[in-house]
Every structure is written in C-alpha cells, then in structure tokens.
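Reading the structure
Below, each chain spelled out in residue letters.
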Amino acid sequence: VSALMVKSGFEPNYPGTNTTGQKAWLDKNWKKIADPGTVDTSNLRPGDVGVVSGSHVFVWVGDVEGFAGKSGNTFSLPSKYTWYRKDG
C-alpha cells in the first residue's frame, strides 16, 4: 500500500511503515469514513484505505467478483476494516 500510494503520486507523504504506523498516520491525516461493521461498500471509492489494526491494510479498487465480501477469506471482508478517505 505504501509503495502504491507514494509511487503513483496519489499520496506522496504516505508512510513506509507497518500496519500500526499506517493506521496512526491515517488517523491523523485522512478522514475516517467507516468503523468496523459499519461500511456500506457501495459508498467506497477507489483509493480508499481499509485497516485491520495490527493486521493488514488494503486499498479499495472497486467491487471485484469473488473477493470483496464474497469469499470466506477474513481479509476479503470490508466490514472488518476501519476505512479512510483522502480529503480533496
């Protein structure tokens, strides 16, 4: 996620750190748009970032058949994540 954000130019200041460090940075710099259990995936936009604290970080790219909430893989369930959006 860090490499994607920085190398694409979408967020040049995104930290190259672990999940905990990324979440702390997101809490300070981006808008929290959903807590775990509250996300409506139809409101997510490509580039939104989801964090399972201490575990994993994802970038939302859209509704991908067989992935977002459609499989048994815990990491594929958007409802498990705190979601953030870059302002502007």
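Look up a bit, the structure's there.
Definitions and cut-offs
- Residues numbered from 1 in each chain as written.
- Predicted model: local features only at pLDDT ≥ 70, side-chain atom pairs only at ≥ 80, totals over all residues.
- Heavy atoms only, no water.
- Helix = DSSP H or I, 4+ residues; strand = E, 2+ residues; numbered from the N terminus.
- Areas by Shrake-Rupley, 256 points an atom, 1.4 Å probe, with all protein chains shown as cover.
- Pairing = 2+ DSSP bridges.
- Axes fitted to C-alpha atoms, helices over the stretch in contact; angles between N-to-C directions.
- Buried < 20%, exposed > 50% of the residue type's maximum accessible area, 1.4 Å probe, protein only.
- Arc of directions from axis to C-beta.
- Contact = heavy atoms within 4.5 Å.
- Polar contact = N/O pair within 3.5 Å; in protein donor to acceptor, adjacent residues only side chain to side chain.

Regarding the overall build of the protein
Looking only at helices and strands, one finds two helices and four strands in the protein. Scanning the protein from its N terminus toward the C terminus, one meets helices and strands in the order α-α-β-β-β-β. For the protein, the exposed surface amounts to about 5,100 Å²; the carbon and sulfur share of it is 50%.

Concerning the sheet that holds strand 4 (residues 82-85)
On the basis of which strands lie adjacent, the open sheet formed by four strands has the order 1-4-2-3 and antiparallel pairing. The strands lining the two open edges of the sheet, one partner per strand, are strand 1 (31-34) and strand 3 (56-59). Put simply, the sheet's adjacent strands are angled 30 degrees from each other on average, direction ignored. Two elements, strand 1 and strand 4, share three bridges in a ladder whose sense is antiparallel. Directly across from Lys32, in strand 4, lies its bridge partner Tyr84.

Some words on helix 2 (residues 19-29)
Among all positions in helix 2, only Thr19, Gln22, Lys23, Trp25 and Leu26 are buried. The buried side chains of helix 2 occupy one side of the element, clustering within an arc of 165 degrees when seen end-on. Opposite the packed face of helix 2, turned more than 90 degrees from it, sit the exposed residues Thr20 and Lys28. Packing partners of the buried residues in helix 2 comprise helix 1 (2-8), strand 2 (49-52), strand 3 and strand 4. For helix 2, the side-chain oxygen to backbone nitrogen distance between the N-cap and Thr20 is 3.3 Å, and the N-cap itself is Asn18.

Some points on the side chain of Ser2
Checked against the element boundaries, Ser2 lands in helix 1. Residue Ser2 is classed as buried on the basis of its relative accessible area of 14%. Side-chain polar atoms of Ser2 contact the backbone oxygen of Pro15, separated by 2.6 Å. Apart from the residues within four sequence positions on either side, Ser2 is in contact with Tyr14, Pro15, Gly16, Thr17 and Gln22.

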